[in-house]
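# Report on the structure
Chain residues, written in single-letter form:
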Amino acid sequence: MAKMFIHGESVNAVSGQVLDVLSPVDGQKFDDIPRGDKADVDLAVQAAHAALDGAWGKMTALERGRLLMKLGEKVLAHHAELAQLEARDTGKPMATANADITVLARYFEFYGAAADKIHGHVIPFLNGYNVTVLREPLGVTAHIIPWNYPAQMLGRSIAPALAMGNAVVVKPAEDACLSPIRVAELAREVGFPPGAINIVTGLGEEAGAHLSQHPGINFISFTGSNEVGVLVQQAAAKNVIKCVLELGGKSPHVVFDDTDLDRAVPIITRGIIANTGQTCTAGSRLIVQKRIYPEMMERLAKQFSQIKVGTPEMDLDCGPVVNLAQQQRVRHYLAEAQKSGIPVLAQGSLASGLPADGYYVTPTLLGDVPPQHCVAQDEIFGPVLAAMSFDTEEEGIRLANSTAYGLMAAVWSENGGRQQRVSKAIKAGQVYINGFGAGGGVELPFGGVKRSGHGREKGFMALEEMSTTKTVINYHG
Ligand code: NAD
């Protein structure tokens, strides 16, 4: 049975209760995790405070950075093991799981190297004064992460927090917490002191809610759904602490009629089927200028009809989705599209011989989608691409901005002026021009506007989010 990780030790829940871990591949139980609750969260927060008062709090930025870099190396040394665990827990194809573990290591490498590069500064002030602005840790930081990229989300959230000297308490998603637990064990092996990294497993409404309301935490990084994001922000408000919310998306591609379709079509296809569409930045809306709409749909339909879905070991384009609720959600939206007479332009296929109780869904290209229809407005979180057409640049921009979300977008055009105008007019935290990559690189600031959330992770901006300043005004005469 998997265990939680508190104060450097692998432990069961205080209550002794457990939750089943089901495989997305066949719906069967393959492990247990502790069902942590208030008592376990209390212990984890205490352990984190003790770490700040002890060995972890006394470390220099250089020492913290070295530990993070060692953890990056350790993750690479355990690459195959972690990738297997991740694929087993989430159902991802092995190629995706392997790529995710490389990115996990990259977070520790990047923020390890950055730990001693964030400096305070000195402000010229009145005669007789010396004013210094110090950069300091926030204290105990809480990290509530989702199931779609458990390893990557762990690295993205805790690496900058640790680099800045915070002690972290992580609540991974109940559907996927095996890789975060293993990474915490590896962190102990490379020398992270007890309490610097704590992982509490359990249900969102129990362990997650207790953690976000805990008076002992000083910051929350939440990645997940909008509904829970609102609860987390309310909890943070009650304790008057800052939170970063990384929420959902309905990211558009705006494709103009001078686009290089040979380049665009495979990238756009990949952008919605990667991780079986369970990506916050999935390019799930396709907004195409009328003149090339028929040709683009024909080319995309060809690509979609070749998409194959299978088990992680088959290593095809898509795996199963993570759980039954997610499978039902994708099927619900496909049924809504059918009810409204939205044409299915192409679908992928399931490999033969898949276990009957696995959570498989069929990748689908929908054409002529009315912009206000739920398949064009809601985050489906599955491999479903909603395509529609537009005439003018203004209309393309208007459609791109016509959902509640603003996480990521792409503009496709060879016209330099248009690239600039449209990328500036689109409301999103990241805009690609003639390209698309889920969330961009570790180095690139990332986060949403509108209902996609607020605050920034990745890049150097995460180091600022996960630290605070103290201005010291010294009168020396
Ligand atoms: P979710 O909101 O259901 O769960 C996310 C985490 O919150 C889990 O750890 C869960 O246990 C916890 N949780 C649930 N209820 C809670 C509560 N009452 N209080 C505190 N914590 C609670 O989201 P999910 O279904 O796991 O993930 C899918 C969502 O995450 C999608 O909307 C997706 O867009 C979003 N997401 C966003 C990003 C981003 O960077 N913007 C990245 C990945 C996923």
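Quick caveat, the model's predicted, so the values are computed rather than measured.

### Overview of the packing of aromatic side chains
- Going through the model one piece at a time under the given rule, you end up with eight aromatic pairs.
- Among the aromatic residues, those joined into a ring-pair cluster are F110, Y111 and F460.

### Comments concerning the site of the ligand
- In the neighbourhood of the ligand, 29 residues make up the surrounding shell, with R156, E174, S225, L247 and E379 lying closest.
- A209 is positioned with one of its backbone polar atoms (N or O) 3.4 Å from a nitrogen atom of the ligand.
- The protein chains hide 89% of the 850 Å² of surface that the ligand would expose on its own.
- Of all the cavities here, the one that holds the ligand is the largest pocket.
- For the shell around the ligand, the elements supplying multiple residues, two or more each, are α6 (150-163), α8 (204-213), β10 (219-223) and α9 (226-238).
- Looking at the shell around the ligand, the element that brings in the most residues is α8, giving four residues.

### Re the sheet that holds strand β15 (residues 344-347)
- Spatially, β15-β17-β18-β13-β12-β19-β20 is the arrangement adopted by the seven strands of the open sheet, whose pairing is mixed. What marks the edges here is a single partner per strand, and that holds for β15 and β20 (430-433). Taking the axes of each pair of neighbouring strands and ignoring which way they run, one obtains an average angle of 20 degrees across the sheet.
- With five bridges connecting them, strand β12 (residues 251-255) and strand β13 (residues 283-289) associate as parallel partners. Opposite V255, over in β13, you have V288 as the bridge partner.

### A few points about the environment of G277
- Here G277 shows up in the loop between α10 (261-273) and β13.
- In contact with G277, other than residues within four places in its own chain, are I272, A282, F381, G382 and P383.

### Describing the sheet that holds strand β5 (residues 121-123)
- As summarised here, the arrangement of the three strands in space is β5-β6-β22, forming an open sheet in which the pairing is antiparallel. At either margin of the open sheet sits one strand with a lone partner, and together these are β5 and β22 (467-475). Across the sheet, the mean angle separating the axes of adjacent strands is 25 degrees when strand polarity is ignored.
- In this structure, β5 lies alongside strand β6 (residues 129-137), joined through three bridges in antiparallel fashion. Within β6, the position partnered with H121 by the bridge is V133.

### Topic: the pattern of salt bridges
- A full pass over the atoms with the stated rule returns 23 salt bridges.
- Linking R35 and E206 is a salt bridge whose minimum nitrogen-to-oxygen distance equals 2.6 Å. Within this pair, whereas R35 is found in the loop between β4 (29-34) and α1 (38-53), its partner E206 is found in helix α8, the two being separated by 171 residues in sequence.
- With a shortest N-O distance of 2.9 Å, E457 and R156 are connected by a salt bridge. Linking E457 in the loop between β21 (453-454) and α16 (461-465) with R156 in helix α6, this pair joins segments that are 301 residues apart in sequence. The exposure classification of E457 matches that of R156, with both residues buried.
- Through salt bridges with shared partners, a single ionic network connects D258, E393, R418 and R421.

### Some words on the domain arrangement of the protein chain
- According to the domain assignment, the protein chain contains domain 1 (4-247 + 452-475) and domain 2 (252-440).
- Computed over C-alpha atoms only, the centres of domain 1 and domain 2 are separated by 31 Å.
- Counting residues at the interface gives 24 residues for domain 1 and 28 residues for domain 2.
- Of the roughly 2100 Å² buried at the junction of domain 1 and domain 2 (both faces included), carbon and sulfur atoms supply 54%.
- Of all residues in domain 1, V25, W147 and S452 bury the most surface against domain 2, accounting for 27% of the area lost on that side.
- Across the domain 1-domain 2 interface, the total number found is zero salt bridges.
- At the surface where domain 1 touches domain 2, the tally comes to twelve residue pairs in polar contact (both at pLDDT 80 or more).
- For the side of domain 1 that touches domain 2, the secondary structure elements donating two or more residues are α4 (79-90) and α5 (94-114).
- Per-element accounting of the side of domain 1 that touches domain 2 gives the leading share, three residues, to α5.
- Here the side of domain 1 that touches domain 2 is built from residues that sort into ten nonpolar, nine polar and five charged.

### Let's talk about the side chain of N148
- For N148, the position within the fold is in the loop between β7 (140-144) and α6.
- Once residues lying within four places of it in the same chain are set aside, the contact partners of N148 are K92, M153, N275, Q278, T279, C280 and F381.

### Quick word on the nonpolar core
- Ranked by internal contacts, the top residues of the largest apolar core, which has 85 residues, are W56, L71, F108, F192 and I220.
- Broken down by element, this core gets its largest block of residues, ten residues, from α5.
- In this view, F192 contacts W56, L67, L68, L71, L162, A187 and I197; residues no more than four positions away in its chain are not counted.
- Membership of the second largest hydrophobic core comes to 32 residues, among which are Y293, C318, A346 and W412.

Thresholds, definitions, all that
- Residues numbered from 1 in each chain as written.
- Predicted model: local features only at pLDDT ≥ 70, side-chain atom pairs only at ≥ 80, totals over all residues.
- Heavy atoms only, no water.
- Phe/Tyr/Trp six-rings, centres within 6.5 Å; stacked < 30°, edge-to-face > 60°.
- Near = heavy atom within 4 Å.
- Polar contact = N/O pair within 3.5 Å; in protein donor to acceptor, adjacent residues only side chain to side chain.
- Areas by Shrake-Rupley, 256 points an atom, 1.4 Å probe, with all protein chains shown as cover.
- 1 Å grid on protein atoms, 1.4 Å probe; cavity = no way out; pocket = protein on both sides within 12 Å on 5 of 7 lines; lining within 4 Å.
- Sits in = over half its atoms within 2 Å of the grid points.
- Helix = DSSP H or I, 4+ residues; strand = E, 2+ residues; numbered from the N terminus.
- Pairing = 2+ DSSP bridges.
- Axes fitted to C-alpha atoms, helices over the stretch in contact; angles between N-to-C directions.
- Contact = heavy atoms within 4.5 Å.
- Salt bridge = Lys/Arg side-chain N within 4 Å of Asp/Glu carboxyl O.
- Buried < 20%, exposed > 50% of the residue type's maximum accessible area, 1.4 Å probe, protein only.
- Domains from an automatic or database assignment.
- Buried area = accessible area lost by both parts, 1.4 Å probe.
- Nonpolar A, V, L, I, M, F, W, Y, C, P; charged D, E, K, R; others polar.
- Core = buried A, V, L, I, M, F, W, Y, C linked by side-chain atoms within 4.5 Å.

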